[in-house]
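Single-letter residue listing:
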Amino acid sequence: DIKVENVILTGRDRVADYVQVQFKLSWQNSFKLASGASNWDAAWVFVKYKIGTSGTWKHASLSTTGGHSIPTDGASSQPDATGIFIFRSTNGSGTLTLDNCQLRWNYGADGVPDESKIFVRVFAIEMVHVPAGNFQAGSGGQNTGEFRTANNTTTTGTATTFTITGTLPTLQGNNTGSSAVNISTRAGSGNDQLTGTTTASLATGYPTGNAAFYCMKYEISQGQYRDFLNTLTYSQQVNRTTSIPTSAIGTGALAAAGTNRNYIEIKTPGVSTTTPAEYGCDVDGDNVFDETVDGEWVACNFLKWNDIIAFLDWAALRPMTELEYEKACRGTVAPVEDEHSWGSTAFTAVSTITNGQQAGEVSSTPANANVTNNNAFTQGPVRTGMYATGSSNRIAAGSSYYGIMDLSGNLWEQVISIANSTCRGFTGNLGNGTLDSNGNADTGWPGESVIGCRGGSWFSSIASARVSDRSNITGGGSSRNNDYGGRGVR
C-alpha cells in the first residue's frame, strides 16, 4: 500500500548541477518500537530518470553531502548515492504520511546536460530494520538439513542449535568427531555438501545475519515487478519475461494470463529491438489495466533467480542469505522446535478469500498463512501481508519477530545458501541500480543453478514452511515455477 504521489522537480541549481525531486510519501502500518524487537520499518526510496520521451530509464545519483529535506514526522539515513531510507522520527505506529519530501539529485554527476527534457519516477519499497545481534540457527528439531552444532548427530529428540555471533562460523561435516564450535546440518542430509569432519569457510563479508540489515517487509508484488519491467529496454524485457515484448495486448508476461493468480500482461506491445512493451495488471482480461481489482498487490510468482536478482540490482538492494532468513524470522529470542516464522508450530491456512485481487484482499475466515493444508487454497499466492492489521498480534498476522510478512508460505524465498562453494563466496555486495544490456544483474552474485529456497509456499508441504527446514536449499532457481518468488535486503 506504499504510495508515492505528486512528483515534481523544483529548485534547480544550474551552477552546482542539482535539482530537488519533491514528492509525497505514505504507507499504512508504519512502526517504530522502543521495546520488544526495538526496531522500525522504513521506505527505501530511489529515483529513476530518462532524457526525452525516447530515452532509456537510468538510476539517479542522490547527493551524499546533504540537501535532502524530510518533514518533521520523518527521519532518514542514507548509505550511499543510490537511495535513502525514510522512517518515523518518533516511536509509534499507524499510517505515516510525509508531504513535500525532497531529495537532491546531482544530475551533473550523471552527465545530464542542463537543457535536457527530463522525466523522473520515484520508487519506494517497504523495508524492516533487523538489528545486529547473536541468534540461534536451527530450531532444535529434526527438519531436513536443519542447522545444528557439527558434533550433534542425533536423529531423534532435541538437536543442539548453533549460535551465530560476530565471528564467521566454520562449516563442518556432521560427525561425532566434529567440533561443537562449528556449524553443520542434520546428519545424512547432504545439504552442506561436506562429509566426515571436512571443513569449509565463508568468505569475508558473507552476511550471516549477525550484523544489522534491512529486509523487504513483503515479497515482491506483481505491481512492483510490472513497474520494474516498465523501466527496461526492449532487449532487457526479453530476458525478464516469458512472452516476447511484441506479443499481443493481454499476453501474459511471465505465464499464460491468469495462471495461478499471475496477472501481469502486455498493455501496449513493443516494437522489435527498438521500443519496449508497456505492462499492466489485468485480472478480468478486459484490456483495461491496473484497475482497483486487477491484482497488483498479489505476490509475484513465476520469478526465477535471474529475475529476482535483476530486480534487486535495479533497486540497489541485494539477495538475502539463508542465515539472514533465519534471523529475520526468529530474531534473537530462543527458538521454538519446528516453528514457523510467527514463532509457533500452529497455523491456520487460508481456504477462501474476500475482495479477491484488490488492495483489501483478505481471508474469508481467520487465517495466518497461505500454506498447503488439505489443499486449503489451490489457486496461487495471495496479497502480500494479507493477515496483518493495525491491531493483530504476531501469530494472527503471520509475522516474523521483526514484523516481516509471509516468510513462511505464500511463495518460496530464493536465498543464497551455504550449501556450495560458489554461494559461500558471496560477500554481500550491493546492487548499483543498473543492469547490463540484456537485463541481467551485473553484480557477480551467484547464479541460478546454485541458489536455494526457504520458507515453503502455497503449493509445498507444510513442513517446508518451517523456519529451519532446508529441504529445497539445493533446488536452484532456473525455472519460473508457480510458487517461486522472493525479496531482497540491504
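Residues numbered from 1 in each chain as written. Predicted model: local features only at pLDDT ≥ 70, side-chain atom pairs only at ≥ 80, totals over all residues. Heavy atoms only, no water.

Participant: Just to check I follow, could you spell out the sheet that holds strand S20 (residues 412–415) for this structure?
Facilitator: Strand pairs in the sheet, formed through backbone hydrogen bonds, run parallel or antiparallel to each other. Strand order across the open sheet formed by 3 strands is S21-S20-S22, with mixed pairing between neighbours. Edge positions in the sheet fall to strand S21 (452–454) and strand S22 (484–485), since each of these pairs with one other strand and no more. Note: S20 against S21, 3 bridges, orientation antiparallel. Within S21, the residue paired with Gln414 across the bridge is Cys453. (Pairing = 2+ DSSP bridges. Helix = DSSP H or I, 4+ residues; strand = E, 2+ residues; numbered from the N terminus.)

Participant: I tried to follow the pattern of salt bridges on my own but got confused; where do I start?
Facilitator: Side chains carrying opposite charge are able to pair once their charged atoms draw close together. Under the defined criterion, the tally for this structure stands at 19 salt bridges. We note a salt bridge from Arg261 to Glu361, for which the minimum N-O separation is 2.6 Å. Of the two residues, Arg261 is situated in the loop between helix H2 (234–240) and strand S16 (264–268) and Glu361 in the loop between strand S18 (353–354) and strand S19 (362–363); the sequence distance between them amounts to 100 residues. Overall, the relative accessible area of 0% leaves Glu361 in the buried class. The partner of Arg480 in a salt bridge is Asp307, with the nearest N and O atoms 2.9 Å apart. Of this pair, Arg480 sits in the loop between S21 and S22 while Asp307 sits in helix H3 (residues 305–314); the two residues are 173 residues apart in sequence, bridging distant segments of the chain. Looking at Asp307, the relative accessible area reads 0%, which means it is buried. Beyond isolated ion pairs, a larger network of salt bridges with shared partners links Glu322, Glu326, Arg330, Glu339, Arg454 and Arg470. (Salt bridge = Lys/Arg side-chain N within 4 Å of Asp/Glu carboxyl O. Buried < 20%, exposed > 50% of the residue type's maximum accessible area, 1.4 Å probe, protein only.)

Participant: Where do I start with the packing of helix H1 (residues 222–229) against H3 in this structure?
Facilitator: In helix packing, the relevant descriptors are the interaxial angle and the interaxial distance, both defined with respect to the helix axes. One way to put it is that H1 packs onto H3 with a least axis distance of 11 Å and a crossing angle of 70°. With respect to H3, the element H1 is oriented roughly perpendicular. Between H1, through Gln224, Tyr225, Asp227 and Phe228, and H3, the contact on the second element is made entirely by Asp307, Ala310, Phe311 and Trp314. Along the lines of polarity and charge, the residues of the contact of H1 with H3 split into 5 nonpolar, 1 polar and 2 charged. (Axes fitted to C-alpha atoms, helices over the stretch in contact; angles between N-to-C directions. Parallel < 35°, antiparallel > 145°, perpendicular 65-115°, else oblique. Contact = heavy atoms within 4.5 Å. Nonpolar A, V, L, I, M, F, W, Y, C, P; charged D, E, K, R; others polar.)

Participant: Looking at this model, I keep getting lost on the pairing of strand S5 (residues 74–80). Mind explaining?
Facilitator: Two faces make up the sheet, and in a regular strand the side chains alternate between them. Bridge count for S5 against strand S6 (residues 83–88) is 5 bridges, and the pairing is antiparallel. Opposite Asp80, over in S6, you have Gly83 as the bridge partner. Where S5 folds back on S6, the antiparallel hairpin that results is connected by 2 residues.

Participant: Looking at this structure, I do not really get H3. What am I missing?
Facilitator: Each α-helix turn comprises 3.6 residues. Residues three or four places apart therefore point the same way. For H3, the tally of buried residues reaches 9 of 10 residues, placing the bulk of the element in the interior. Residues Trp305, Asp307, Ile308, Ile309, Ala310, Phe311, Leu312, Asp313 and Trp314 constitute the buried set of H3. Two residues or fewer after H3 comes Ala316, characterised by a positive phi angle close to 60°.

Participant: What's the story with the packing of aromatic side chains in this structure? I'm lost.
Facilitator: The description of two aromatic rings rests on the distance between their centres and on the angle between their planes. On inspection of all chains with the given rule, the structure shows 15 aromatic pairs. On the numbers, 6.4 Å between centres and 90° between planes, the contact of Tyr206 with Phe426 is edge-to-face. One end of the pair, Tyr206, is in the loop between strand S14 (199–200) and strand S15 (213–216); the other, Phe426, is in the loop between helix H6 (421–424) and S21, and 220 residues separate them in sequence. Residue Tyr206 is classed as buried on the basis of its relative accessible area of 4%. Among the aromatic side chains, those forming a connected cluster through ring pairs are Phe46, Phe123, Tyr225, Phe228, Phe311 and Trp314. A cation over a ring is seen here: Lys50 above Phe119, with NZ or CZ 5.7 Å from the ring centre. Positioned above the aromatic ring of Tyr18, the side-chain terminus of Arg104 is 3.7 Å from the ring centre. (Phe/Tyr/Trp six-rings, centres within 6.5 Å; stacked < 30°, edge-to-face > 60°. Lys NZ or Arg CZ within 6 Å of the ring centre and 35° of its normal.)

Participant: Mind showing me how you'd approach the nonpolar core here?
Facilitator: Nonpolar side chains in soluble globular proteins generally cluster together in the buried interior. By size, the foremost hydrophobic cluster in this structure holds 56 residues, and its most contacted members are Tyr225, Phe228 and Ile264. If one sorts the elements of this core by residue count, H3 sits on top with 7 residues. Those residues within four positions of Ile264 in sequence are excluded, and the remaining contacts are Gln222, Tyr225, Arg226, Leu229, Thr251, Gly252, Ala253, Leu254, Tyr279, Gly280, Cys281 and Cys300. In this structure, Tyr49, Leu103, Val122 and Ala124 belong to the second largest nonpolar core, which totals 23 residues. (Core = buried A, V, L, I, M, F, W, Y, C linked by side-chain atoms within 4.5 Å.)

Worth remembering: the numbers are spatial, not functional.
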